[in-house]
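# A closer look at the structure
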Number of protein chains: 2
Amino acid sequence: MSAYSPRLSRLIEALRRLPGVGPKSAQRMAFHLLDRDRQGAQLLGETLVEALGGIGRCPSCRMFCDEGENCRYCSSSRTAAGQLCVVESPADLMAIEGGTSYRGRYFVLMGRLSPLDGIGPEELGLDRLQAQLAAGEVQEMIIATNPTVEGEATAYYLAEMARGQGVRVTRIAHGVPMGGELEYVDGGTLAHALSGRTPV
Amino acid sequence: MSAYSPRLSRLIEALRRLPGVGPKSAQRMAFHLLDRDRQGAQLLGETLVEALGGIGRCPSCRMFCDEGENCRYCSSSRTAAGQLCVVESPADLMAIEGGTSYRGRYFVLMGRLSPLDGIGPEELGLDRLQAQLAAGEVQEMIIATNPTVEGEATAYYLAEMARGQGVRVTRIAHGVPMGGELEYVDGGTLAHALSGRTPV
């Protein structure tokens, strides 16, 4: 890409660090910012640098949290402090918070157990989770890891851990999605839906 | 979006200034940068601020160009200085430069004539283009605006202008794209291809 001037070339390379942005999109973004939204580019540049210094992790739930502020998901004003929902990523937390009426606490694993990639219980901060369970405040642990092979393995590990602490463990339901049609749902999902049937 | 912490919320808002990035993508980008690529975020932030101060416009061809450097598309080392290709955007220039062997000069309109949006000849810098044509260096002006209604109107206006200066004017060919199949090409394109047929 030597056809660009050096600074433009650096800008396009830097934009490619964003997830899902290839050379064409990066070029389009660079041209858009330079041509039509220099104010937005300035704002983005400054905000990025500010965010790096100012956003850390909540020591308790591991969600992103502004430095020097209390984590809003661990605040004592949450209605259901006895419930703890374990999710894989901050995006999963946002999905549950935005789409459901759940207002308990969270624990963000920031990944899933994956021994082949060198991700074990320590990398997911499970020692801290165990300490929280041992403290006795949590009455119910809701496991909301993804229904993938690794997510299921993580769920199994988490359930064993919670049972060892005498905490009630639940898993979010897996089955036919709302608005879905049985005819088009894959066999695995359907098998889950059938075995997980509930009395009406 | 009050579910985010203030700094995180600002970061996601700032990322939405990028073209084609909605709330979900912005959240994914923010989480990715914070969780997995803080170095990339730092680089992007600094590069954006640097780019704003350091990238301007070439006074001659209007392409983006590093301040204090000569525009590489107007350099005297270009082989075909007698040809001038008029394009709508920097991306169009890059497409021609990257996909063809054309090595003449360019003029970037940064838009197209669109009276309803208040974009007339002055906004596109056509006075500067006219001065270049009047200077007598240009032997051929190649019009490479898009084959849209506005692009065609712009092409017509440009052709009239160049003819007034006694400069030879050409338009890039429009027809069936390479690898395309006649059966699936739209009627307008096919009509263009037929009327623009060339002797073999």
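Quick notes on the rules
- Residues numbered from 1 in each chain as written.
- Chains lettered and ligands numbered in written order.
- Predicted model: local features only at pLDDT ≥ 70, side-chain atom pairs only at ≥ 80, totals over all residues.
- Heavy atoms only, no water.
- Axes fitted to C-alpha atoms, helices over the stretch in contact; angles between N-to-C directions.
- Helix = DSSP H or I, 4+ residues; strand = E, 2+ residues; numbered from the N terminus.
- Parallel < 35°, antiparallel > 145°, perpendicular 65-115°, else oblique.
- Left-handed = near helix turned anticlockwise from the far one by under 90°.
- Contact = heavy atoms within 4.5 Å.
- Nonpolar A, V, L, I, M, F, W, Y, C, P; charged D, E, K, R; others polar.
- Pairing = 2+ DSSP bridges.
- Domains from an automatic or database assignment.
- Core = buried A, V, L, I, M, F, W, Y, C linked by side-chain atoms within 4.5 Å.
- Buried < 20%, exposed > 50% of the residue type's maximum accessible area, 1.4 Å probe, protein only.

Next up on the list: the packing of helix α1 (residues 6-15) of chain A against helix α3 (residues 38-54) of chain B. It is the contact of α1 of chain A with α3 of chain B, at a shortest axis distance of 9 Å, that shows an interaxial angle of 150°. Between α1 of chain A and α3 of chain B, the angle falls in the class roughly antiparallel. Our pair here, α1 of chain A against α3 of chain B, has a crossing hand that is left-handed. Taking contact as the criterion, the partners of R7, R10, L11, A14 and L15 of chain A in α1 of chain A are, on α3 of chain B, L43, L44, T47, L48, E50, A51 and G54 of chain B. Of the residues that constitute the contact of α1 of chain A with α3 of chain B, the class distribution is 7 nonpolar, 2 polar and 3 charged.

Bringing the sheet that holds strand β6 (residues 168-171) of chain A into the picture now. Strand pairing within a sheet occurs via backbone hydrogen bonds; the two strands may be parallel or antiparallel. All names here are of chain A. Strands sit in the order β4-β3-β5-β6 across an open sheet of 4 strands; the sheet is parallel. Across the chains shown, the open sheet's two edge strands, defined by having one partner strand only, are β4 (104-108) and β6. The mean angle between the axes of side-by-side strands here comes to 25°, regardless of whether they run parallel or antiparallel. With 5 bridges joining them, strand β3 (residues 80-87) and β4 adopt parallel strand pairing. In the sheet register, V87 faces β4, and the bridge partner there is V108. Across the sheet, helix α5 (residues 126-134) touches β3, β4 and β5 (140-143), and the angle it forms with β3 is around 160°.

Further remarks concern the domain arrangement of chain A. In terms of domain boundaries, chain A breaks down into domain 1 (1-30) and domain 2 (74-171). Spacing between the C-alpha centres of domain 1 of chain A and domain 2 of chain A amounts to 38 Å.

The biggest cluster of nonpolar side chains holds 76 residues, and the ones touching the most others in it are L8, L15 and L18 of chain A together with L8, L15 and L18 of chain B. When residues of this core are assigned to domains, at least three fall in each of domain 1 (1-30) and domain 2 (74-171) of chain A. Sequence-distant contacts of L15 of chain A, defined by excluding residues within four places in its chain, comprise V21, A26, M29 and A30 of chain A together with L18 and L44 of chain B.

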